[in-house]
Amino acid sequence: MHPNRQTAELVVGSGLTAVMTIGYIVYVGRAVGAAEYSDFSAALSAIYFVGLTLTPLTPTIARLTARYRARGTDGAVVALRSAALQRVTVWAGAVTLVGAAASVLLASMLQFRTPLPLVIAFAAILLFAIVSVDRGVVQGLLFFRLYNSNIAIEAAVRLFVAVALLLIKRTAAAALLGYVVALAVAELAMFPRLRHEWRNRQRESVDWSDVQRLAVPIMILMFALAVFQNTDMLAVKRWFSPRDAGAWGAGSAIARGIGVIFVPFYVMAGPLLTSLHEEGKAIFASTIRLTLTFIAAVIVPLVIIAIMPRFLLSVLYGADFVRGATIIAPLAGVAVITYTGLMLAQALVTLHEFRFLIGYVFFAIMQIAGLVLFHASYADILRVLYTTQIAALLSVSLFFVRAWRRR
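Since we're looking at a predicted model, the values are computed, not measured.

Conventions we followed
Residues numbered from 1 in each chain as written. Predicted model: local features only at pLDDT ≥ 70, side-chain atom pairs only at ≥ 80, totals over all residues. Heavy atoms only, no water. Helix = DSSP H or I, 4+ residues; strand = E, 2+ residues; numbered from the N terminus. Rg over C-alpha atoms; globule rule 2.2 N^0.38 Å. Buried < 20%, exposed > 50% of the residue type's maximum accessible area, 1.4 Å probe, protein only. Contact = heavy atoms within 4.5 Å. Phe/Tyr/Trp six-rings, centres within 6.5 Å; stacked < 30°, edge-to-face > 60°. Lys NZ or Arg CZ within 6 Å of the ring centre and 35° of its normal. Expected span 1.5 Å × (residues − 1). 1 Å grid on protein atoms, 1.4 Å probe; cavity = no way out; pocket = protein on both sides within 12 Å on 5 of 7 lines; lining within 4 Å. Points joined across faces, edges and corners; volume = space filled by probe spheres on them. Nonpolar A, V, L, I, M, F, W, Y, C, P; charged D, E, K, R; others polar.

A word on the overall build of the protein chain
And then number 1: If you tally the helices and strands in the protein chain, you get 15 helices and zero strands.
And then number 2: By the compact-globule yardstick of 22 Å for 407 residues, the protein chain fits well, its C-alpha radius of gyration being 20 Å.
And then number 3: Counting only C-alpha atoms, the protein chain reaches 55 × 45 × 40 Å along its principal axes.
And then number 4: Within the protein chain, the fraction of its 407 residues that count as buried is 57%.
And then number 5: Taking contacts inside the protein chain between residues at least 6 apart in sequence as the whole, the part at least 24 apart equals 84%.

Topic: the environment of S275
And then number 1: Here S275 is to be found in helix α10 (residues 258-278).
And then number 2: The class of S275 is buried, set by a relative accessible area of 17%.
And then number 3: Each C-alpha atom of the pair S275 and A70 lies 6.9 Å from the other, and the pair is 205 residues apart in sequence.

Observations regarding unusual backbone geometry
A negative phi angle characterises most non-glycine residues, just as the trans form characterises most peptide bonds.
And then number 1: Phi is positive for Q111, which is not a glycine, with a value near 65°.
And then number 2: With respect to the helices and strands, the residue Q111 is situated in the loop between α4 (103-109) and α5 (116-140).
And then number 3: Here Q111 falls in the partly exposed class, since its relative accessible area comes to 34%.
And then number 4: We note that H352 has phi near 60°; this positive angle belongs to a residue other than glycine.

Side note on the packing of aromatic side chains
And then number 1: A full pass over the atoms with the stated rule returns 17 aromatic pairs.
And then number 2: Look at Y24 and F40: their rings are 5.7 Å apart centre to centre, the planes differ by 70°, and that puts the pair in the edge-to-face class. With respect to class, Y24 is no different from F40; both count as buried.
And then number 3: With centroids separated by 5.6 Å and ring planes inclined at 10°, the aromatic side chains of F240 and Y378 adopt a geometry described as stacked. Of this pair, F240 sits in the loop between α8 (208-239) and α9 (242-255) while Y378 sits in helix α15 (residues 378-406), and the two are 138 residues apart along the sequence. For the residue pair F240 and Y378, the accessibility class agrees, reading buried in each case.
And then number 4: Counting every residue linked through ring pairs, the aromatic cluster contains Y24, Y37, F40, Y317 and F321.
And then number 5: In this structure, R158 is placed above the aromatic ring of Y24, and the distance from its NZ or CZ to the ring centre is 5.4 Å.
And then number 6: Its end group placed over the ring of Y179, R158 keeps NZ or CZ at 4.9 Å from the ring centre.

What to know about α9
And then number 1: The terminal C-alpha atoms of α9 lie 20 Å apart, and with 14 residues this matches the ideal 20 Å at 1.5 Å per residue to within 8%.
And then number 2: Buried residues dominate α9, accounting for ten of its 14 residues.
And then number 3: Taken together, the buried positions of α9 are A245, G246, A247, W248, G249, A250, G251, S252, I254 and A255.

Structural notes on empty space enclosed by the protein
And then number 1: Evaluation of the coordinates by the stated rule reveals three cavities of 30 Å³ or more.
And then number 2: Each pocket or cavity is described by its volume, and for the second largest cavity that value is around 50 Å³.
And then number 3: If you go around the second largest cavity, the residues you meet are L348, E353, F354, R355, F356, F399, R402, A403 and R406.
And then number 4: Ranked by residues supplied to the lining of the second largest cavity, first place goes to α15 with four residues.
And then number 5: Counted by class, the lining of the second largest cavity contains five nonpolar, no polar and four charged residues.

Written out as structure tokens, the structure is:
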């Protein structure tokens, strides 16, 4: 498939997925109200935080699969997937058990009404990790159409199950069960295609140290990204009233819809940059083009968000959430900053130049410290996010320029 057609299909597919995902998040808000929605939003942040940290194998497997595919060693991909699934199931399973056991304590710390949303969230983490392995393989094989349909299936099932359960009981836990069921269905949907792809392939040996050399730095990168994207919601849940935390969650959900536009660019960046590098071609100009295309693609959504934040919240969520109108545009700006830095980092990851992680992780830790110290108002939270994430973007940009000039 031609790269431009791949990009177009991914953008269209991501748009469809976005509609269903936003529909799911918005419907939950309207069904359960602001206070209960704060539990839902914080539990989702827990899924994203731990899920991102535990799934460095997704981009790792995508890159290694692309490398093996370029070298014609398909049997190595079979062995890689099998070993990765075994390891990630053990790691994520351990986190799920520990997290579920600690849910009572965590629920008390974060002002949850009941530990059940956190228990369900940790169950989702295990499935999230498993699904991420196979999606990494699918990305590395450049099966973008299969990836596209899979995320759409997940979004559709999540929305359908959540709507059905919320008609019975309007709680955060009921809404989160849709997430668990959708992840299970998404994994089952990929299995037949992957089994067909390798039915006549023999396994080849895989040097797991090769996986670790790439996975460990990406794990560090994913941890920092998880901090940048989710600690604000957890901080608001800890220090704000349930209604204010619910309003922040609603505003954040709309603002970070920008991420849906970013996804196709991020999905394509790893495998395509790896393939270019394996062929001895330059990757910096391609990274810049992908980054600028992403920025151009988000201009219209940013303008809409900036012009009518209160209207968006009142129409989508209802009057109970409009106090979050002031944060939508600022949080959308933070999202663009975060994703721009992550896109530039893809070139450095491809070249195995991981020194940029020192600055990236430092500023992620500074965000945690800043939120602990400054959380008296929405404005305080936003100032912390902008300060730390602009600094992180500048740090990554300096390493990017330095590597480009050297090569």
